[in-house]
Amino acid sequence: GGGELRDDTKQLIDSHRQTIKMLEQRLSKTDKLLQEREGALGEAQEDLARDELIFADKVAEIKTLRKNLKEAERQREAM
């Protein structure tokens, strides 16, 4: 009859439905992977910020130690 879909049209629709389902599954996996990587990136950024603070403290400590060493050397030479 005129109201029925032709077999080739039904097959095309089924094929598109399968493709959509597959793409939705891939999108879901990609979203999950993106969330995991964003989480890892956030942790890495926090670690880096903490390491930068530690490094800055160590640089300041080294400068102070060098200043103290120079002062001690001056005092020794003055003796």
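Let me begin by describing the structure that accompanies this report. Every chain is numbered on its own, with residues counted from 1 as its sequence reads. This being a predicted model, a pLDDT of at least 70 is required before a residue's local features are given, and a value of 80 or more before pairs of side-chain atoms are given or counted; all residues contribute to the totals for chains, interfaces and linings. Computation of side-chain values covers all heavy atoms of the structure but excludes hydrogens and water.

Another point: the overall build of the protein. A tally of helices and strands in the protein yields one helix and zero strands. A compact globule built from 79 residues would reach a C-alpha radius of gyration of about 12 Å, whereas the protein, at 34 Å, exceeds it by more than 25%. Each of the 79 residues in the protein was classed as buried or not, and the buried ones make up 0%. Surface summary for the protein: the accessible area is close to 7900 Å², and the carbon and sulfur share equals 55%. Just so you know, the count uses Lys and Arg for positive and Asp and Glu for negative, and it drops His and the chain ends. Taken as the charge centre is NZ of Lys, CZ of Arg, CG of Asp or CD of Glu, depending on the residue. Between the averaged position of the 16 positive side-chain charges in the protein and that of its 18 negative side-chain charges there is a distance of 4 Å. Per the convention used, a helix needs a DSSP run of H or I reaching at least four residues, while a strand needs a run of E reaching at least two, with both numbered from the N terminus. This radius of gyration counts C-alpha atoms alone. The globule rule is 2.2 Å times how many residues there are, raised to the power 0.38. A 1.4 Å probe rolled over the protein chains alone gives each residue an accessible area, and that area as a share of the maximum for its type sets the label: buried under 20%, exposed over 50%, partly exposed in between. Residue exposure ignores everything except the shown protein chains as possible cover, and the areas themselves are Shrake-Rupley values with a 1.4 Å probe.

Turning to the pattern of salt bridges, a few remarks are in order. For this document, the term salt bridge refers to a Lys or Arg side-chain nitrogen within 4 Å of an Asp or Glu carboxyl oxygen. Tallying each qualifying case throughout the model produces five salt bridges. Between D47 and R50 there is a salt bridge, with the nearest N and O atoms lying 2.8 Å from each other. Remark: R50 and D47 occur in helix α1 (residues 7–78); sequence separation between them is three residues, near one turn of the helix. Note on D47: relative accessible area 34%, which makes it partly exposed. The partly exposed category is assigned to R50, whose relative accessible area is 45%.

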